[in-house]
Amino acid sequence: SQTIHQWPATLVQPVGSPLSLECTVEGTSNPNLYWYRQAAGRGLQLLFYSVGIGQISSEVPQNLSASRPQDRQFILSSKKLLLSDSGFYLCAWNGVAGYNEQFFGPGTRLTVL
Amino acid sequence: SQQGEEDPQALSIQEGENATMNCSYKTSINNLQWYRQNSGRGLVHLILIRSNEREKHSGRLRVTLDTSKKSSSLLITASRAADTASYFCAPMAGATNKLIFGTGTLLAVQP
């Protein structure tokens, strides 16, 4: 069966520090991968998606970047965090053609102070 | 925008009652998915309904889809206190299968 992992679960970082959040998927190959952010009391906003290694599409201009160095690994990064980067970050994967359910990881709660 | 918008924003019912949440969206979709989120947790996938389907059941869940009205509903029957959570609809569209989320319905089931 497929599983999706995210770490860390919780992170507190000072303004101006770098960020690296990691997401990995097991039990599938060539998934579409997604990064979402959820602000407090709000819905999810799609930040990035990837259809393959090295292929990243950005949905909104922002202080963050994403990379996909391996088929089942998706990384969210920042060189210098802003207060507005605080939120709940969720990674998701979408299976092969014909199976369009999108499944989410447990999320990382980021607080920038 | 293809945003899914849920209605009502908040709903409080007694255990055993049915809960109905509605969703509207703005453009053509491949499918529509419903999710549950307990406070501070990740999203749990509940059900997917394809654009050529009108109704789908899963346990105590019943989802309808009306593509002519660009709307969907989620019915939870015989609610339980454990159903207390936020519920999101997410239309999926485009070749890259992007989901567009609204702000959700916060359901509180009183024991």
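Before any of the text, the structure's been laid out above.
So, here's what we can say about the structure.

Residues and elements named next belong to chain A. Applying the stated criterion across every chain, the model contains two disulfides over all chains. Each disulfide pairs two cysteine sulfurs, and for C23 the partner residue is C91, the sulfurs being separated by 2.0 Å. An S-S torsion of about -75 degrees defines the bridge between C23 and C91 as left-handed. Of this pair, C23 sits in strand β3 (residues 19-26) while C91 sits in strand β9 (residues 87-94), and the two are 68 residues apart along the sequence. Note on C23: relative accessible area 1%, which makes it buried.

Listed by partner, the interface residues are 23 residues for chain A and 20 residues for chain B. Across the chain A/chain B interface, buried area totals approximately 1,600 Å², and carbon plus sulfur atoms make up 53% of it. Its largest share of buried area at the contact with chain B, chain A owes to L44, N100 and F104 of chain A, together 29% of the area lost on that side. The tally of links from chain A across to chain B stands at one salt bridge. The salt bridge partner of K98 of chain B is E59 of chain A, with a shortest N-O separation of 3.3 Å. For the side of chain A that touches chain B, the secondary structure elements donating two or more residues are β4 (32-38), β5 (44-52), β9 and β10 (102-104) of chain A. Of the residues assigned to the side of chain A that touches chain B, the class counts are 11 nonpolar, eight polar and four charged.

Calculation notes
- Residues numbered from 1 in each chain as written.
- Chains lettered and ligands numbered in written order.
- Predicted model: local features only at pLDDT ≥ 70, side-chain atom pairs only at ≥ 80, totals over all residues.
- Heavy atoms only, no water.
- Disulfide = S-S within 2.5 Å.
- Helix = DSSP H or I, 4+ residues; strand = E, 2+ residues; numbered from the N terminus.
- Buried < 20%, exposed > 50% of the residue type's maximum accessible area, 1.4 Å probe, protein only.
- Contact = heavy atoms within 4.5 Å.
- Buried area = accessible area lost by both parts, 1.4 Å probe.
- Salt bridge = Lys/Arg side-chain N within 4 Å of Asp/Glu carboxyl O.
- Nonpolar A, V, L, I, M, F, W, Y, C, P; charged D, E, K, R; others polar.

By themselves these figures say nothing about function.
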